[in-house]
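Coordinate analysis (summary)
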Amino acid sequence: MAKSYTNPILPGWNSDPSCTFVSEHNTFFCTTSSFLAFPGIPIYASKDLTDWRLASNALNRPEQLPELSFNGQQNEGIWASTIRYRNGTFYLITSYISFAKWQPKLLLFTTTDPYDDSAWSDPVHVENPANDIDPDIFWDDDGKTYMSIAAGVYISEINTSTGAATEPFRVWNGTGDRNPEGPHIYKKDGYYYLLIGEGGTETNHSATIARSRDIRGPYEGDPNNPLLTAKDTDNYFQTVGHADLFQDAKGNWWGVALATRSGPAWEVYPMGRETVLVPAKWEEGQWPVLEPVRGRMSGPLLTKNKDIPGDGHWVDDPDIVDFPPGSVLPKHFAFWRPPKTSLFSISPPGHPNTLRISPSRVNLTADAAFQPLVDGLAFVARKQLATLFDYSVDVSFNPKVADEEAGISVFLTQLQHIDLGIVNLPDKHTGNFVPTLRFRVEASGKPNTTVPDTNLFPLPRSWLKGPIRLSVSAKKDDTYVFSAAPASKPREVKVVGEASAGIVSGGSGPFTGTLVGAYATSNGGEGTTPTYFSRWRYTAVAQEIEEGEFVHAR
């Protein structure tokens, strides 16, 4: 019996999905790209395809990938992964990208416990003779292990223990669109099926499929290609592609893909590329058929079931984080590159129920001399997972010297972020330094973008007696509203600035999505004053599932 559900199933920045159903666990597992976020390579688990819990992060120790701490471009890092399961072990193969030299590093992680971060192995470095991205892993009936990769598309046999790879053979170049990538191999009814994305991950994106009786080819394209796309449509969900296929316990087929809630204008999409789910039909000997992506869909969903182990965050749950003594940061919190851990402390002596953030030398934009491991970026955040949301945190900050700053940010990259901070600035009348609310926008990563003026608001003396609550809300799908109030008198709220969500859409972050969180910086000055953040709250209000159609968050 078909049941209705809404897309996206993994909202917010969750691109390039790969999913598998593991019958021994009676659970679906999905992974998505993480780029420079750390911890990275999230693994989500679900029993019913609609309730998803963050099970673990496969990349959770800096030593697993020291290169992630190097400074570079904003869309480097961990790109598309594939997750599969075989004989009691989960395999996750992925690529690390640095643009200093195009030499993608292929990494194969394994675990027998997907709910424990520490159980994920250090990666095996897999040879990359095709020198490309988006690796897939596939086991043939004879036990041989193959890796397909987005070089238009090539396949190698690999050794999962040593990482050795044979000379690749080219099998298919797609239907003629650019960037054939994101390959996945399936074997069904005597055919090898090769599913890829092509057309580039913009509005021309699509998923296409071919098949062969021999893994080496020749491969014949589906005459009905593309298998899944939104190009040349006015659909709300655009950029549809980079898909994966899997079955549930009853044998029903499903497809996941990335999509962007932007409409064909493709201008305002702050959450970037998200994961959508579509029902599929795959009859014996036939080509698979996928339904087009819509915000409201129906399919043979399993009975609702949230019996998922672990302490990970449910995607739809709010944040109610009070940083109690002895606690650690929730595993869905993230840093931009591995953090300089000395900048962060939970419930330090004399300050229970706070997160202390000591200022980094650089602000969120940083500078040409920025060294991530030396300077650190004093910023911790969580993904924006709903179109409309409210986020606030209480800030206890008593700056001592010029330019010390602490605040909150809607952050896409270091070159595109919207900030509300408390900063120590000279009073224009007396010259004395006073704590001042400053709302300002960094948009150098998206040239020719109109940005609002910087707003300054000296804090009233009465506000300085206790914590100040800084807030940002998306009351509309295209606007962020930043405000402040004394935490003890939240009704005294003052709106300090508004900014378009288009500022944090695309540009230097074409593959990622927005984070919301807290930061502290000396802005290159002499400041060392720590900030104590408390009462961290994030609440999803509503998801836009079609243009102008909202559903209240669960």
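Located above this text is the structure these notes cover.
Residues numbered from 1 in each chain as written. Predicted model: local features only at pLDDT ≥ 70, side-chain atom pairs only at ≥ 80, totals over all residues. Heavy atoms only, no water.

Let's talk about the state of the cysteines
Defined simply, a disulfide is a covalent bond joining two cysteines at their sulfur atoms. If you walk through the whole model with that rule in mind, you get one disulfide. The disulfide partner of Cys19 is Cys30, and the gap between their sulfur atoms is 2.0 Å. Across the S-S bond of Cys19 and Cys30 the torsion is about 110°, and the bridge reads as right-handed. With Cys19 in strand β2 (residues 18-22) and Cys30 in strand β3 (residues 27-31), this residue pair connects regions lying 11 residues apart in the sequence. No difference in accessibility class separates Cys19 from Cys30, as the two residues are buried. (Disulfide = S-S within 2.5 Å. Helix = DSSP H or I, 4+ residues; strand = E, 2+ residues; numbered from the N terminus. Buried < 20%, exposed > 50% of the residue type's maximum accessible area, 1.4 Å probe, protein only.)

Some details on the pattern of salt bridges
All chains considered together, the criterion is met by 22 salt bridges. Across the pair Asp141 and Lys187 runs a salt bridge whose closest N-O atoms are separated by 3.0 Å. Within this pair, whereas Asp141 is found in the loop between β12 (133-139) and β13 (145-150), its partner Lys187 is found in strand β16 (residues 181-188), the two being separated by 46 residues in sequence. You can call Asp141 exposed: its relative accessible area is 67%. Lys187 sits in the partly exposed class, given a relative accessible area of 34%. (Salt bridge = Lys/Arg side-chain N within 4 Å of Asp/Glu carboxyl O.)

Examining the packing of aromatic side chains
For the structure shown, the criterion picks out 33 aromatic pairs. Both rings, one in Phe21 and one in Phe28, keep their centres 4.8 Å apart while their planes meet at 50°; by these two values the pair is tilted. You'll find Phe21 and Phe28 in the same group, each marked buried. Where Phe29 meets Phe90, the ring centres are 4.9 Å apart and the plane angle is 75°; that geometry is what we call edge-to-face. Residue Phe29 is found in strand β3, and its partner Phe90 is found in strand β9 (residues 89-97); the two are separated by 61 residues along the sequence. Each member of the pair, Phe29 as well as Phe90, carries the same accessibility label: buried. (Phe/Tyr/Trp six-rings, centres within 6.5 Å; stacked < 30°, edge-to-face > 60°.)

A short note on unusual backbone geometry
Here the amide bond leading from Asn7 into Pro8 is cis, since omega sits at 0°, within 30 degrees of zero. Looking at the element boundaries, Pro8 is found in the loop between β1 (3-6) and β2. A cis geometry characterises the amide bond from Phe38 onward to Pro39, with omega recorded as -5°. Along the polypeptide, Pro39 turns up in the loop between β4 (37-38) and β5 (40-46). Of note, Asn26 is a non-glycine position whose phi angle comes to about 50°, a positive value. Among the secondary structure elements, Asn26 is positioned in the loop between β2 and β3.

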